Amino acid sequence: MQKTLLTIALSASLGLTATAAHAQTLEAVKEKGYVQCGVTGGVPGFSAPDANNNWAGLEVDFCRALAAAIFDDAEAVRYTPLTSQERFAALSAGEIDVLSRTTTWTMSRDTDLGISFIGTMYYDGQGFMVRKADEIASSLDLSGAAICIESGTTTELNAADYFAANNLEFNVVVFTDQDEVVKAFEDGRCDVYTTDASALAAERSKFANPDDYIILPEIISKEPLGPVVRQGDSTWFNIARWTYFALLEAEELGVTQANVDEMLGADNPSIKRLLGVEGDFGAPIGLTADWAYRIIKHVGNYGESFDRHVGPATQIGLARGLNALWKDGGLQYAPPIR
Amino acid sequence: MSIAFVRTDMAPSQSPPTRSSGLVGWARKNLFATPVDTIFTIIGVLFLIWAVPPIYGFIFPTSLGGNAVAPGGTVEQCRVENAGACWAYIAARFNFFIYGFYPISEYWRPNIVFAMGAVLIVPLLWPAIPYKGINALLFFVVFPVVSFYLLNGGVFGLKPVPTEQWGGLMVTLIISLVGIICSIPIGILLALGRQSDLPIIKTLCVMFIELWRAVPLITVLFMASIMLPLFMPQGMTVDKLLRALVGVTLFASAYLAEVVRGGLQALPRGQYEAGASLGLSYWKRMFFIILPQALKHVIPGIVNNFISLFKDTSLVSIVGIFDLLNTVQAASSDIDWASPTQAVTGYLFAAFVFWIFCFAMSRYSLFMERRLNTGHKR
């Protein structure tokens, strides 16, 4: 999630190509018969190969939902694993149709690189992990505690700012390598380990006794991770954006993969509109009226996807937190379909 | 007058004193010859006592007195304090390390390719087996074509498998084999070109070699995978694996060219002149007189190049191609096998596989050197 010189150097040339954009991504996708989706090289819960060597994860589910909406087949996706340096160039060059790769939404990326973020699949942010035995309940209790940090990262700066703003004593132990940091924390050389909350959870699952550690509820930085498409193709942008909204809307209305067929007969007009029983909201985005039904039928709603890949029941064990629906006190909010 | 004693038979030979023979003698000679030797021996033994048991405990399973979890074990066994290597994880994800994302139902296709490669390459490398010409034709022409269509599919009713789904050891072998096989002719031609009397050819070859030798392989791969797509017309893409293959091959041939040139320069001028005085054409001179001698000189250098090329293929992981190393890295984030030694075990496995191939290559080159050693042995 860091910006490299290369990205900056490329942005100028990207700007040129992107304005010449393909206004016809949907046609091209329909013609080749699959969605080409850029993913990570393996971030557990977000996009990683599963036991059967298939890509799986919260962000992979977005690509599957997109394929389901277009082809009525969630498997009509091909995945291109990309490094963080390659990802924007691959998108701009048309090698992939959508980038769903733990990409942080920032202004410079959104405005400078000829790409458009379609929403926030996961509100990540920097958190703190401590030992359960230390009985620390809040990050405000961390004054003077030894904190393990990877040097030269924004993580270090965020933590320093947070401690200064809250008048806490900042006692930092710096390492040059992520693995060293984890090892030092596990060996008890420091009391606190801080990095992005999703990474904290993934590292915790590798400990011999994951239950001995807790992740504190405070999140001290903003890392909204979302899928990205090329700028300049508004049809494709709308399809991607409303695929994301449909996932949220379905959860809000209680439509799940299991009950979606029953829900076709529901009286709630919102559900009728979502599932295409009433009105045709698919036509303006170049899809069929049952586009959202297909998504839920094949992939499920956002909550189901979350629980399946990163939720409390999984090894990663992330709480919904900021990613709960707006009515449950979170930030996930979809405009109504009408 | 004394009677002289003359032995009529040989005195029976006695075994040397125990202090200078057998194990004791060997130890005195090699381990405790001087006080300095004794000190180093003691330090060495202490080091082994310190280092070997933990390594042994890490690598070998509980049934052999170690801490490792043998294949067939569960993730819970791996997820303990002071756990050894989690071999159960390697066994569970073994297919991923070999085939990457290749569809499980289609594994027979890479298997046939592996088998075909083995059947063709063994007789090719074994000097005593005849029909080298047909064998070479099969291996260098038929095998790549058949393998490509078999792996890629889309013909004869085979399910298409795009190269994004290729991975693991399969891709490592593809990249290194293509790199090795294609770089030999290109490298030789470049080396000859560099020695040529024709200024244009000479300049082009020098420029090519110096350009590719002057940039790191990682830069080449980055250029191929990031910059190249930006220069192409919209919607036109060249396969990512192909781009890496071309990059690796050109890079390897530039290095090989310089090794071959070393061999060419080692030949006395008389060899060139002798060929010319027989009235042989340039190509005949090169192929029948110069190159057979020159290449023989530089076998260690060539194999050295191949070994380093084989290991360099792991760099393609940074452009998102799933070679052996990258599959190991990706699997190390497999949450179902999350355990303290998951990553270390994976890297150990990758290192072992790389070692097997590199060691085999190095032994084969030694064998070839000895066999071709006709009058140059030092």
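Residues numbered from 1 in each chain as written. Chains lettered and ligands numbered in written order. Predicted model: local features only at pLDDT ≥ 70, side-chain atom pairs only at ≥ 80, totals over all residues. Heavy atoms only, no water.

### Details of the UniProt feature "transmembrane region" (unreviewed entry) in chain B
All names here are of chain B. Sites flagged by UniProt as "transmembrane region" (unreviewed entry) map to residues 38-59, 112-129, 136-158, 170-193, 214-232 and 347-368. With 100% helix and 0% strand, residues 170-193 has its two end C-alpha atoms placed 34 Å apart. The span residues 347-368 carries 100% helix and 0% strand; its end-to-end C-alpha distance comes to 32 Å. (UniProt positions renumbered as here; feature names shortened; annotations may be inferred. Helix = DSSP H or I, 4+ residues; strand = E, 2+ residues; numbered from the N terminus.)

### With respect to the domain arrangement of chain A
Residue and element names in this part refer to chain A. Annotation of chain A at the domain level lists domain 1 (24-121 + 226-327) and domain 2 (124-223). On a C-alpha basis, the centres of domain 1 and domain 2 stand 31 Å from each other. Taken residue by residue, the interface counts 7 residues in domain 1 and 7 residues in domain 2. Approximately 600 Å² of surface area, both sides summed, lies buried where domain 1 meets domain 2, with 64% of it carried by carbon and sulfur atoms. Our enumeration of links across domain 1 and domain 2 arrives at 0 salt bridges. Broken down by class, the residue content of the side of domain 1 that touches domain 2 amounts to 4 nonpolar, 3 polar and no charged. (Domains from an automatic or database assignment. Contact = heavy atoms within 4.5 Å. Buried area = accessible area lost by both parts, 1.4 Å probe. Salt bridge = Lys/Arg side-chain N within 4 Å of Asp/Glu carboxyl O. Nonpolar A, V, L, I, M, F, W, Y, C, P; charged D, E, K, R; others polar.)

### Quick word on the side chain of A:Asp97
All names here are of chain A. Among the secondary structure elements, Asp 97 is positioned in the loop between helix H4 (87-92) and strand S5 (98-99). Accessibility expressed as a relative area gives 4% for Asp 97, which makes it buried. A polar contact is formed between the side chain of Asp 97 and the side chain of Lys 32, at a distance of 2.9 Å. Those residues within four positions of Asp 97 in sequence are excluded, and the remaining contacts are Thr 25, Val 29, Lys 32, Tyr 34, Val 35, Gln 36, Leu 91, Val 229, Arg 230 and Trp 236. (Buried < 20%, exposed > 50% of the residue type's maximum accessible area, 1.4 Å probe, protein only. Polar contact = N/O pair within 3.5 Å; in protein donor to acceptor, adjacent residues only side chain to side chain.)

### Section: helix H6 (residues 108-125) of chain B
Residue and element names in this part refer to chain B. Compared with the 26 Å implied by 1.5 Å per residue over 18 residues, the 26 Å span of H6 between its first and last C-alpha is a close match. Among the residues of H6, Arg 109, Pro 110, Val 113, Gly 117, Leu 120, Pro 123 and Leu 124 are the ones counted as buried. Elements that come into contact with the buried residues of H6 comprise helix H5 (94-99), helix H7 (132-152) and helix H8 (168-194). (Expected span 1.5 Å × (residues − 1).)

### Notes on the pairing of strand S1 (residues 35-39) of chain A
All names here are of chain A. Burial of S1 is extensive: 5 of the 5 residues sit out of reach of the surface. Residues of S1 alternate between two faces, with Val 35, Cys 37 and Val 39 on one and Gln 36 and Gly 38 on the opposite face, all of them buried. Note that S1 and strand S4 (residues 77-81) share 5 bridges and pair parallel. From the neighbouring strand, Cys 37 faces S4, where its bridge partner is Tyr 79. Looking at chain direction, S1 and S5 are connected through 2 bridges and run parallel. (Pairing = 2+ DSSP bridges.)

### Some remarks on the sheet that holds strand S10 (residues 171-175) of chain A
All names here are of chain A. Reading across the sheet, the 5 strands line up as S10-S9-S11-S8-S12 and stay open at both edges, with mixed pairing between neighbours. Pairing within the sheet leaves two strands with one partner each, and these edge strands are S10 and strand S12 (213-215). Neighbour-to-neighbour, the strand axes of this sheet turn through a mean angle of 30°, independent of strand direction. The strands touched by helix H6 (residues 154-165) are strand S8 (126-131), strand S9 (146-150), S10 and strand S11 (192-196); relative to S8, the strand with the most contacts, the crossing angle is about 80°. Here helix H7 (residues 178-186) sits on the sheet in contact with S8, S9, S10, S11 and S12, set at roughly 160° to S9. (Axes fitted to C-alpha atoms, helices over the stretch in contact; angles between N-to-C directions.)

### A few points about the interface of chain A and chain B
Between chain A and chain B, the residue contacts involve 38 residues of the former and 36 residues of the latter. At the junction of chain A and chain B, the tally comes to 1 salt bridge. We note a salt bridge from A:Glu95 to B:Arg243, for which the minimum N-O separation is 3.2 Å. Of the residues forming the side of chain A that touches chain B, the biggest block, 5 residues, is contributed by helix H1 (residues 5-19) of chain A. For the side of chain A that touches chain B, the class distribution of residues is 17 nonpolar, 16 polar and 5 charged.

### Things to note about the UniProt feature "domain: Solute-binding protein family 3/N-terminal" (unreviewed entry) in chain A
The positions UniProt marks with the feature "domain: Solute-binding protein family 3/N-terminal" (unreviewed entry) are residues 34-267 of chain A. Within residues 34-267 of chain A, the helical portion is 33% and the strand portion 22%, while the C-alpha atoms at the span's ends are 35 Å from each other.

### Notes on the environment of B:Tyr56
Residue and element names in this part refer to chain B. Note that Tyr 56 resides in helix H2 (residues 35-59). Separated by 202 residues in the primary sequence, Tyr 56 and Glu 258 have C-alpha atoms spaced 43 Å apart. Apart from residues no more than four positions distant in its own chain, Tyr 56 is found in contact with Leu 64, Gly 65 and Gly 66.

### Considerations on the packing of helix H13 (residues 282-297) of chain B against helix H14 (residues 299-312) of chain B
Residues and elements named next belong to chain B. Contact pair H13 / H14: the axes reach a minimum separation of 5 Å and the direction vectors enclose 65°. Comparing the axis directions of H13 and H14 gives the class roughly perpendicular. In this structure, H13 uses Leu 295, Lys 296 and His 297 to contact H14, whose residues at the interface are Ile 299, Pro 300 and Ile 302. A class-by-class count of the residues in the contact of H13 with H14 yields 4 nonpolar, 1 polar and 1 charged. (Parallel < 35°, antiparallel > 145°, perpendicular 65-115°, else oblique.)

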